[in-house]
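Examining the three-dimensional arrangement
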Amino acid sequence: MANPDAAAANRETWTRNSGFILAAIGSAVGLGNIWRFPGVAYESGGGAFIVPYLAALLTAGIPILFLDYAIGHRYRAVAPLAFRRIRRHAEAIGWFQTGLLFVIGVYYAAVIAWAMSYFVYSFDLRWGEDTQTFFLSDYLQVGDPEISTTIVGNVALPLVIVWLVILAVLCLGVARGVEKINMVFIPLLFIGFTGLVIRAITLPGASDGLNALFSPDWSALSDLDVWIAAYSQIFFSLSIAFGIMIAYSSFQRRKANMTSSGLVVAFANSSFEILAGIGVFSALGFLAYQQQAAISELEGLTGPILSFVTFPAVISEMPGASFWGALFFGSLVVAGFTSLISLLIGVSSSLQEKFGLSRVVASAVTAGVSGIISIGLFSTTSGLIALDTVDQFANNIGVVSSAIIMTVFAVWLARDADLLRRHLNAVSTFHLGKWWVALIGVVAPVFLATMLVQKIISIISDGYEGYPQWYIGIFGWGTIALLLIGAAALTLPGWNGRDYPGFQAWPPLDTEQKKEAVR
Ligand code: PHE
């Protein structure tokens with residue numbers, strides 16, 4: 001590259017700060033908020049879950065979100081190059097994160113495809129009376145945990161559509177694609193979903209549902225698993241330690257109020273999560289009321305079963321069922337798409353930067369390869385089980401490891417934390433004190449490492465969901481092994497000067513800003 005400065009100047013940027021904020025909210029608010037949070041909260045102590053949840057948000061979630069922002073903004077590159085600019089050998093951390101994006105992206109897309117089908121099914125309530133048999137047998141055609149090659153057409157078709165849309169958005173790029181879509185769809189999502197929640201709380205029985213969700217079980221606080229659930233919920237939900245927030249802030253301009261934007265994003269995400277909890281449990285209260293049962297007797301209160309078995313049953317009982325069904329599954333599709341876009345743009349921009357590809361080529365490679373793997377793995381009869389296993393390992397082991405490595409690297413190995421802190425302070429109105437370094441350097445990694453060890457021990461000794469050992473070996477540990485090997489392998493090809501050895505992070509802060517920053 002003849003003129004690195006020109007190339008840096010040509011980097012894509014958001015057109016306005018609100019574009020960045022909405023895109024970051026779009027990434028954060030996703031399936032995790034709608035189908036993960038309510039059930040996790042319910043099973044992990046109900047109202048008492050607020051304690052580990054807030055602890056995770058304040059001691060790890062927001063501080064690590066700021067760390068992501070600082071790395072991306074200061075080093076103006078997506079994860080692999082950003083880490084390389086901090087220390088040459090750290091590039092692999094960026095690839096490990098990029099690998100996680102890829103792994104999560106291929107299955108996340110499948111859930112969006114299901115939601116698209118169910119959006120269509122809402123119109124004639126095609127799931128019928130027995131929503132469980134419909135979902136598992138008629139729709140997904142779930143078989144045993146095996147490596148199946150039988151493609152299920154109902155799933156494959158919407159999945160192909162998902163990947164074509166992703167391809168189109170990636171080709172349009174950051175400002176014309178990602179930003180525009182989020183500017184339009186995130187406000188729509190908030191309005192539509194709020195309507196849905198208001199309808200839900202006015203249903204008979206809703207208050208029983210809310211009581212079930214919010215009544216605290218304080219004994220849960222002494223259970224380590226509850227804390228693990230809170231931390232992994234926060235990581236997944238805020239999309240942190242995946243390199244996405246590094247990428248998104250690398251597309252920011254020089255002057256950008258980073259920390260204040262971060263607080264807005266975190267607040268919006270948690271609000272949406274609580275809103276979803278209220279909506280989902282009001283609806284469950286209504287279902288219990290209809291069936292004259294207690295909430296605790298209902299089954300399928302988390303994950304795919306909640307959205308695709310329990311919810312259709314609720315919807316069928318509601319007056320105006322088709323409308324509310326379409327609104328619910330439409331919200332899932334929109335929330336999911338804006339997150340999936342962030343997952344894949346993280347992958348394609350890393351490839352683009354490393355191999356000097358044009359945007360269209362990087363987009364085609366990313367969407368093509370991920371699309372084929374996604375369709376091959378998740379539209380078969382063993383798709384649901386593969387998805388569950390990969391999700392468990394990528395989130396509870398992969399992301400938590402990534403967060404530990406990243407914080408320890410930034411604070412202790414590269415000793416970059418104070419510089420990053422001053423960088424954020426120089427550009428932002430909400431200033432970080434030394435407490436931030438203590439949180440990301442000590443509190444977060446210690447907590448996370450304890451949880452990780454505990455999780456690994458429990459998986460080794462108890463297995464997972466009773467799936468066969470060989471299956472966990474391939475899809476669970478295999479995923480982790482693949483991530484490690486992939487991360488190492490991707491550091492091997494050279495950068496051909498594209499990593500600009502003489503790169504100056506941002507131009508040095510001017511004196512005025514420096515004074516600000518040390519205050
Ligand atoms: N935060 C998204 C959700 O809540 C999922 C996601 C995870 C998106 C990681 C990007 C990166 O569903």
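Residues numbered from 1 in each chain as written. Predicted model: local features only at pLDDT ≥ 70, side-chain atom pairs only at ≥ 80, totals over all residues. Heavy atoms only, no water.

The protein appears in an unreviewed UniProt entry as Sodium-dependent transporter from Gordonia mangrovi. For the record of the protein, the UniProt heading Subcellular location (unreviewed entry) holds the text "Membrane". (UniProt positions renumbered as here; feature names shortened; annotations may be inferred.)

Turning our attention to a nonpolar patch on the surface. Residues I50, V51, L54, L58, F214, W218 and I274 make up a contiguous nonpolar surface patch of about 640 Å² in total accessible area. Broken down by element, the residue count for the nonpolar patch peaks at four residues, all from helix α4 (residues 50-75). If you trace the backbone, W218 turns up in the loop between α9 (206-214) and α10 (224-238). (Patch = residues over 30% accessible without salt bridge, like charges linked within 9 Å, V, L, I, M, F, W, Y side chains within 5 Å. Areas by Shrake-Rupley, 256 points an atom, 1.4 Å probe, with all protein chains shown as cover. Salt bridge = Lys/Arg side-chain N within 4 Å of Asp/Glu carboxyl O. Helix = DSSP H or I, 4+ residues; strand = E, 2+ residues; numbered from the N terminus.)

On to the site of the ligand. Close to the ligand lie 15 residues, the nearest being A28, L31, G32, Y108 and F236. Interatomic distance of 3.0 Å between a backbone N/O atom of A28 and an oxygen atom of the ligand. One nitrogen or oxygen atom from the side chain of S239 is found 3.1 Å from a nitrogen atom belonging to the ligand. Secondary structure elements with two or more residues in the shell around the ligand: α2 (17-28), α3 (31-43), α10 and α14 (321-355). (Near = heavy atom within 4 Å. Polar contact = N/O pair within 3.5 Å; in protein donor to acceptor, adjacent residues only side chain to side chain.)

Taken as a whole, this structure holds nine salt bridges when the rule is applied. Residues R84 and E91 are paired through a salt bridge, measuring 2.9 Å at the closest nitrogen-oxygen approach. E91 matches R84 in its accessibility class, with the two residues each being buried. Between K434 and D418 there is a salt bridge whose closest N-O contact spans 3.8 Å. (Buried < 20%, exposed > 50% of the residue type's maximum accessible area, 1.4 Å probe, protein only.)

Looking now at the confidence of the model for the protein. Averaged over every residue, the pLDDT of the protein is 90; residues scoring 70 or more account for 94%. Taken as a whole, residues 1-6 scores under 50 in pLDDT and shows four contacts with residues more than four places along the chain or in a different chain. (pLDDT = per-residue confidence, 0-100. Contact = heavy atoms within 4.5 Å.)

Across all of its chains, the model carries 40 aromatic pairs by this definition. Where F49 meets Y53, the ring centres are 6.1 Å apart and the plane angle is 45°; that geometry is what we call tilted. Just as F49 is buried, Y53 falls in that class too. Measuring from centroid to centroid gives 5.6 Å for F119 and F123, while their planes differ by 85°, and the two rings are edge-to-face. Classification of F119 by relative accessible area gives partly exposed; the value is 33%. Through pairs of rings, three or more aromatic residues link up here, namely W114, Y118, Y121, W127, F134, F135, Y139, F308, F311, F328 and F329. Stacked on the ring of F236, the Lys or Arg R36 has its end atom at 4.7 Å from the ring centre. Of note, R74 hangs over the ring of Y75, and the distance from its end group to the ring centre comes to 5.8 Å. (Phe/Tyr/Trp six-rings, centres within 6.5 Å; stacked < 30°, edge-to-face > 60°. Lys NZ or Arg CZ within 6 Å of the ring centre and 35° of its normal.)

To continue, consider unusual backbone geometry. Phi angles above zero are rare outside glycine, and L125 is one such case at about 45°. Position of L125 relative to the elements: it lies in the loop between α6 (91-122) and α7 (131-139). Given a relative accessible area of 26%, L125 falls into the partly exposed group.

Moving on: the layout of surface pockets. Empty pockets left among the atoms are what a rolling probe the size of a water molecule brings to light. What the largest pocket holds in volume is close to 1,000 Å³. Looking at the largest pocket, it is lined by 33 residues, and the ones nearest its centre are T302, D388, Q392, Y464 and E465. For the lining of the largest pocket, the elements supplying multiple residues, two or more each, are α3, α10, α13 (303-317), α16 (383-413) and α18 (434-462). The greatest single-element share of the lining of the largest pocket, amounting to seven residues, is contributed by α16. By residue class, the composition of the lining of the largest pocket is 16 nonpolar, nine polar and eight charged. (1 Å grid on protein atoms, 1.4 Å probe; cavity = no way out; pocket = protein on both sides within 12 Å on 5 of 7 lines; lining within 4 Å. Points joined across faces, edges and corners; volume = space filled by probe spheres on them. Nonpolar A, V, L, I, M, F, W, Y, C, P; charged D, E, K, R; others polar.)

Moving on, we get to α10. The end-to-end C-alpha distance of α10, which contains 15 residues, comes to 21 Å, matching closely the 21 Å that a straight helix rising 1.5 Å per residue would cover. In terms of residue burial, α10 counts as a mostly covered element, since 13 of its 15 residues are buried. Phi turns positive, to about 55°, at S239, one or two residues after α10. (Expected span 1.5 Å × (residues − 1).)

Further remarks concern the packing of α13 against α14. Relative orientation of the contacting elements α13 and α14 amounts to 150°, with a least axis distance of 9 Å. It follows from the interaxial angle that α13 and α14 lie roughly antiparallel. α14 is crossed by α13, and the crossing has right-handed handedness. Along the contact surface, α13 presents S307, F308, F311, P312, I315 and S316, while α14 presents A321, G325, F328, F329 and L332. The class makeup of the residues in the contact of α13 with α14 is eight nonpolar, three polar and no charged. (Axes fitted to C-alpha atoms, helices over the stretch in contact; angles between N-to-C directions. Parallel < 35°, antiparallel > 145°, perpendicular 65-115°, else oblique. Left-handed = near helix turned anticlockwise from the far one by under 90°.)

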